[in-house]
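What follows is each chain in one-letter form.
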Amino acid sequence: MGEVVKRAFKYRFHPTPEQAAELERTFGCVRKVYNLALETRTAAWQQGERVNYNATSAMLTEWKRGEDLAYLGEVSSVPLQQSLRHLQTAFANFWDKRAKYPRFKSRKKSRASAEYTRSGFRWRDGKLTLAKMSEPLDIVWSRALPGDPSIVTVSRDAAHRWFVSLLCKDPTVEPLPRTGQAVGIDAGLTHLLTLSTGEKIANPRHERADRARLAKAQRNLSHKEKGSANRAKARRKVARVHARIADRRRDYLHKITTRLVRENQTLVIEDLTIRNMIRNHSLARAISDASWSDFRSMLEYKAGWYGREVVAVDRWYPSSKLCSSCGVQRNKMPLGVRGWVCGCGVRHDRDVNAAKNILAAGLAVTVCGDGVRPQRNPPGGQSSVKQKTRPARVGIPVLQGRDDVKL
């Protein structure tokens, strides 16, 4: 029995006009407080001083007392305090070199959301009532909530859909029984995933399927006068098409990752740098549509829930160039070559062969005790993937050289 997992459950809801107006004011105040605090901290930073969360919290009290910002006191104080905590987290990530310097929030581009802690909402008899509201939210309960929420986040997307996310402990998430199954996963574009078992998972290409509809909506938007009501309607239509694409993609990835985690004890993937790969303008659109980053994120947190292990092999590991049978490495492997015959007589499918090599390298990483993201040059020397210079047994190839990007 593992520890209880905290899990967020997201639902649609339909606010009344009064609730929508209150939430709109709250979103605006949250954005204003965040930007004011960021401006203050940036000015102090330029003068060699640091302003922490406690200082900005005291400033918030003073801002509410002023005439210009008196409207900040008309909304719940909890989301305003939470915005200051989020800014503190953003600065902590910047100092630890995990993120860039925090940026100001935009009324048009930034996500409209507000976060409420336990003192900012009332949960009673399965109904959620936020601070400053007299009626509970009309939530579409698509699935049961396993417990009482501790944090509530209300948001509105560009398509003007309202969502509420409730964070609570989920006792139903428990580690699954251990299995001896291990699988290597090769990401691609022709097929979204290729497994070391030989199975190929189709790439539905959700963006391409709705490309004509999206182009038509964008053309209509470009013809509307800026600042007009018709332009606002056309913008929402474009946002609805984008939302449809994103929802279908997310649903597909959830189904795939859940299935892979349930069936396998060890899952081996490649440590791809998507940020650099999308610089290829010929493939950026297809790579973004495949959403490999979201796939890896889902795979890792679900593996943590259910007691599975995810291993990422070095991004320079030449999985496509190696023969998974004899371990011989080819000098070149152009992207147009989808199948080849090794000198040992074995005929390979490019993607299946790469998946088998990824699995073998991942098992070697596991034996040598590396983490999920093996470094190219760790303090003690090379990663375990790089330490294998000759085949130790059938299926573990020679690991030398670098690989081309596999698609």
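First things first, this report covers the structure right here in the doc. (Residues numbered from 1 in each chain as written. Predicted model: local features only at pLDDT ≥ 70, side-chain atom pairs only at ≥ 80, totals over all residues. Heavy atoms only, no water.)

As for the packing of helix α2 (residues 53–65) against helix α3 (residues 77–95)
Part 1: Closest axis-to-axis distance for the α2/α3 pair is 10 Å, and the angle between their directions is 145 degrees. Pair α2 / α3 crosses with right-handed handedness. Counted together, Y53, T56, S57, L60 and K64 of α2 and S77, L80, Q81, L84, R85 and Q88 of α3 form the full contact between these two elements.
Part 2: Across the contact of α2 with α3, the residue classes break down as four nonpolar, five polar and two charged. (Axes fitted to C-alpha atoms, helices over the stretch in contact; angles between N-to-C directions. Helix = DSSP H or I, 4+ residues; strand = E, 2+ residues; numbered from the N terminus. Left-handed = near helix turned anticlockwise from the far one by under 90°. Contact = heavy atoms within 4.5 Å. Nonpolar A, V, L, I, M, F, W, Y, C, P; charged D, E, K, R; others polar.)

Considering the packing of aromatic side chains
Part 1: In the structure shown here, the tally under the stated rule is 11 aromatic pairs.
Part 2: Pairing F91 with Y101 gives two aromatic rings, centres 5.4 Å apart and planes at 90 degrees, and the pair type is edge-to-face. On the criterion of sequence distance, the pair formed by F91 in helix α3 and Y101 in the loop between α3 and β2 (112–116) is long-range, its members being 10 residues apart.
Part 3: F91 sits in the buried class, given a relative accessible area of 2%.
Part 4: Between F94 and Y101, the ring centres sit 5.1 Å apart and the planes meet at 85 degrees, which makes this aromatic pair edge-to-face.
Part 5: Site record: aromatic cluster; members linked through ring pairs are W45, F91, F94, W95 and Y101.
Part 6: The side chain of R50 reaches across the aromatic face of W95, ending 4.2 Å from its centre.
Part 7: Over the aromatic face of Y306 sits the side chain of R262, whose NZ or CZ is 5.4 Å from the ring centroid. (Phe/Tyr/Trp six-rings, centres within 6.5 Å; stacked < 30°, edge-to-face > 60°. Buried < 20%, exposed > 50% of the residue type's maximum accessible area, 1.4 Å probe, protein only. Lys NZ or Arg CZ within 6 Å of the ring centre and 35° of its normal.)

Thoughts on the sheet that holds β2
Part 1: The antiparallel open sheet is built from four strands, whose spatial order is β1-β6-β5-β2. Each end of this open sheet is capped by a strand with a single partner; those strands are β1 (5–12) and β2. Strand-to-strand twist across the sheet, computed as the mean angle between neighbouring axes with direction ignored, equals 20 degrees.
Part 2: Across five bridges, β2 lies against strand β5 (residues 151–156) in antiparallel orientation. Note on β5: the bridge partner recorded for Y116 is V152.
Part 3: Packing of helix α1 (residues 17–46) onto the sheet brings it into contact with β2, β5 and β6 (162–170), and relative to β2 it is tilted by some 90 degrees. (Pairing = 2+ DSSP bridges.)

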